[in-house]
Amino acid sequence: MTSQQLRSFRRRLNAFDQCMYSAQDNLQALGNPGFETIALLWLEGRLDTELLRDQVQALTARHPVLRSRLVRDWKGTFYWQTDEDIQVGVHEEALNEASEEAIQRAAERILSRRRDLFREPGVTFHLLHLPDGSDVLMMLWNHSLFDERSARLTLQELNKLLTGEPLPAPGAPHDLIEAHRQRFSRRIRWTAFRKALPDYIWDRWAKRCRWPRQIPRIPQRQKISNVQLRLLTRRLSKEDSQSLLDYCRKVTRFPSTSMTLLGGVFKSFADTLHYPHADDLFRTGVGVEVGRQTSDNFHPQNSSSVLRVHLTRDEVHDRKQRVERLVERLHGVLREKRDLGILESNTLFYWCYPLVRRVTSQMIRWAFSFWYAYFAVPRSYSESFGGIPVQMATYYCAAWSPSGLTMLITQYRDQLQFLVTYVENVVPADDAQSFLDGTVHELLAAARDGANDGN
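This write-up is about the structure you can find in this document. (Residues numbered from 1 in each chain as written. Predicted model: local features only at pLDDT ≥ 70, side-chain atom pairs only at ≥ 80, totals over all residues. Heavy atoms only, no water.)

## Considerations on unusual backbone geometry
The omega torsion across Ser401 and Pro402 is 10 degrees, close enough to zero to call that bond cis. Turning to its location among the elements, Pro402 is positioned in the loop between strand 12 (388–397) and strand 13 (405–412). For Arg413, which is not glycine, the phi dihedral falls at a positive 50 degrees. Within the fold, Arg413 resides in the loop between strand 13 and strand 14 (415–423). Even without glycine at this site, Asp414 takes up a positive phi of about 65 degrees. By the secondary structure assignment, Asp414 is in the loop between strand 13 and strand 14. Owing to a relative accessible area of 39%, Asp414 belongs among the partly exposed residues under this scheme. (Helix = DSSP H or I, 4+ residues; strand = E, 2+ residues; numbered from the N terminus. Buried < 20%, exposed > 50% of the residue type's maximum accessible area, 1.4 Å probe, protein only.)

Below you can see the structure in the form of structure tokens.
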């Protein structure tokens, strides 16, 4: 790349990075640890720690962005800057118990720690030694640095480095979001922005079903101290997972596994709430990829947009209607190119960080009933990692106040796992458990009824 192209790339990349960091900034202002996610691999044996450290350094040499820190310039603009003095660490810890519960408690501690991204890299590794001779590798990354797809490709490359497999030459820096924007004319981008603009207004004023129902309107009163995140998981059997996946494929031809599952999540949320208000909406955000990277031209970055989907209280109780409504609304916002409009707003707001921060603050505090994601663990490194068989692979993610709740559904080896992360300072433990149990019960009941209807 020429120096002019590099400067242009950096400027365009800052527009989205600044928006993503504003989320991190707002979360920490409310007392939350940050926009963190963990990819976890539970191995059947021990990893060579020194080899792992060496290959992590080789990985950061291939992708210097992994050893970057946040910088704020004199205009108040945030961006990631590679720092040769920063090393991506591999932190070791010995656990006293070889159980998934012990692993989750360790993940809670890691997710609950507040990180200073002006001094620390956006990604770190944690190696947990279990007393039965197995290891757990956790990769912790901040979403303001890169997204889940980049995390998958990062682990895929690390796996190949550990096993000595050849890798292609590292991809040159490229901006998937900017490439997506440039596919459309300025008129189309501006029209998409105007259609996405009401979402920002609605974030502030529309009524949301959420925990707790009465939230202080003043941001300073929403701040909580000593935030502690807790994890609850439920893994379905292979039979139940297959039944539920078959049901997801049956109810609609649209690839809507995520939307079908989200319908059951909304229903459980409605049943668990202690503050029923008939005019409230159930609303969450769904990530949509706008550009796809391959292992041949991989550069860690964010390459997705967030779309808002919702159900009314009447719709949430009708199994068939809720899926149809969710798919229809997702189709609708995609047809209107609101994903493009949201990306365009990042560029338009780029020069005014206070405005970016305020808009992001509205979204975090008021937009969603809870946060939701659906991830599929790839087989490229989940069968074996570093030559060691993998007995479990999953993701853990953060939750934050004031909503205080996140539902993450993962698919690994044709099995579904439901994970609830909650802020114990905000959401009662019994409510979080009821939310998890109710989601699984509702979706399995829907799958059984769907199978009986087919017969």
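## Let's talk about the pattern of salt bridges
A complete count under the given rule lists 33 salt bridges for this structure. A salt bridge links Glu383 to Arg379; the nearest nitrogen and oxygen atoms lie 2.7 Å apart. The partner of Asp414 in a salt bridge is Arg379, with the nearest N and O atoms 3.5 Å apart. Note that Asp414 is positioned in the loop between strand 13 and strand 14 and Arg379 in helix 14 (residues 379–382), a separation of 35 residues in sequence. For Arg379, a relative accessible area of 46% gives the class partly exposed. Linked through salt bridges whose partners overlap, the residues forming this network are Arg105, Glu108, Arg230 and Glu424. (Salt bridge = Lys/Arg side-chain N within 4 Å of Asp/Glu carboxyl O.)

## A look at helix 9 (residues 257–272)
A turn of α-helix holds 3.6 residues, and therefore any two residues three or four places apart point the same way. Between its first and last C-alpha atoms helix 9 spans 23 Å; for 16 residues at 1.5 Å apiece the expected length is 22 Å, and the two agree. By the criterion of burial, helix 9 is predominantly enclosed, with 15 of the 16 residues buried. (Expected span 1.5 Å × (residues − 1).)

## Looking at helix 4 (residues 148–163)
Taking 1.5 Å of rise per residue, the 16 residues of helix 4 would be expected to cover 22 Å, and the 23 Å separating its terminal C-alpha atoms lies within 8% of that figure. For helix 4, the buried fraction is high: 14 of the 16 residues fall into the buried class. Within two residues after helix 4, Gly164 carries a phi angle of roughly 80 degrees, on the positive side.

## Thoughts on the sheet that holds strand 10 (residues 371–376)
Sheet architecture is open: four strands sit in the order 7-14-13-10, paired in mixed fashion. Only two strands of the sheet have a single neighbouring strand rather than two, namely strand 7 (229–235) and strand 10. This sheet shows a mean twist of 15 degrees between the axes of neighbouring strands, independent of strand direction. Both strand 7 and strand 14 contribute to a ladder of seven bridges, which runs antiparallel. From the neighbouring strand, Thr233 faces strand 14, where its bridge partner is Leu419. Lying over the sheet, helix 8 (residues 238–251) contacts strand 10, strand 13 and strand 14, oriented at roughly 90 degrees with respect to strand 14. (Pairing = 2+ DSSP bridges. Axes fitted to C-alpha atoms, helices over the stretch in contact; angles between N-to-C directions. Contact = heavy atoms within 4.5 Å.)

## Some thoughts on the packing of helix 2 (residues 49–62) against helix 4
The geometry of helix 2 relative to helix 4 is characterised by a closest axis approach of 9 Å and an angle of 125 degrees between their N-to-C directions. With respect to their mutual orientation, helix 2 and helix 4 come out oblique. Here helix 2 and helix 4 pass one another in a crossing that is right-handed. Two secondary-structure elements touch here, helix 2 through Leu51, Leu52, Gln55, Val56, Ala58, Leu59 and Arg62 and helix 4 through Thr154, Glu157, Leu158, Leu161 and Leu162. For the contact of helix 2 with helix 4, the class distribution of residues is eight nonpolar, two polar and two charged. (Parallel < 35°, antiparallel > 145°, perpendicular 65-115°, else oblique. Left-handed = near helix turned anticlockwise from the far one by under 90°. Nonpolar A, V, L, I, M, F, W, Y, C, P; charged D, E, K, R; others polar.)

## Quick notes on the packing of aromatic side chains
This model, assessed by the stated rule, comprises 14 aromatic pairs. Taking the centre distance of 6.4 Å and the plane angle of 80 degrees together, the rings of Trp141 and Tyr395 count as edge-to-face. With a gap of 254 residues between them, Trp141 in strand 6 (residues 135–142) and Tyr395 in strand 12 connect regions that are remote in the sequence. Given a relative accessible area of 1%, Trp141 falls into the buried group. Residues Trp371 and Trp400 carry aromatic rings whose centres are separated by 5.1 Å and whose planes lie at 65 degrees to one another, so their mutual orientation is edge-to-face. (Phe/Tyr/Trp six-rings, centres within 6.5 Å; stacked < 30°, edge-to-face > 60°.)

## Here we look at the side chain of Thr60
Tracing the sequence through the fold places Thr60 in helix 2. From its side chain, Thr60 meets the backbone oxygen of Gln57 in a polar contact 2.8 Å long. Excluding residues that lie within four positions of it along the chain, Thr60 makes contacts with Leu66, Arg67 and Val88. (Polar contact = N/O pair within 3.5 Å; in protein donor to acceptor, adjacent residues only side chain to side chain.)

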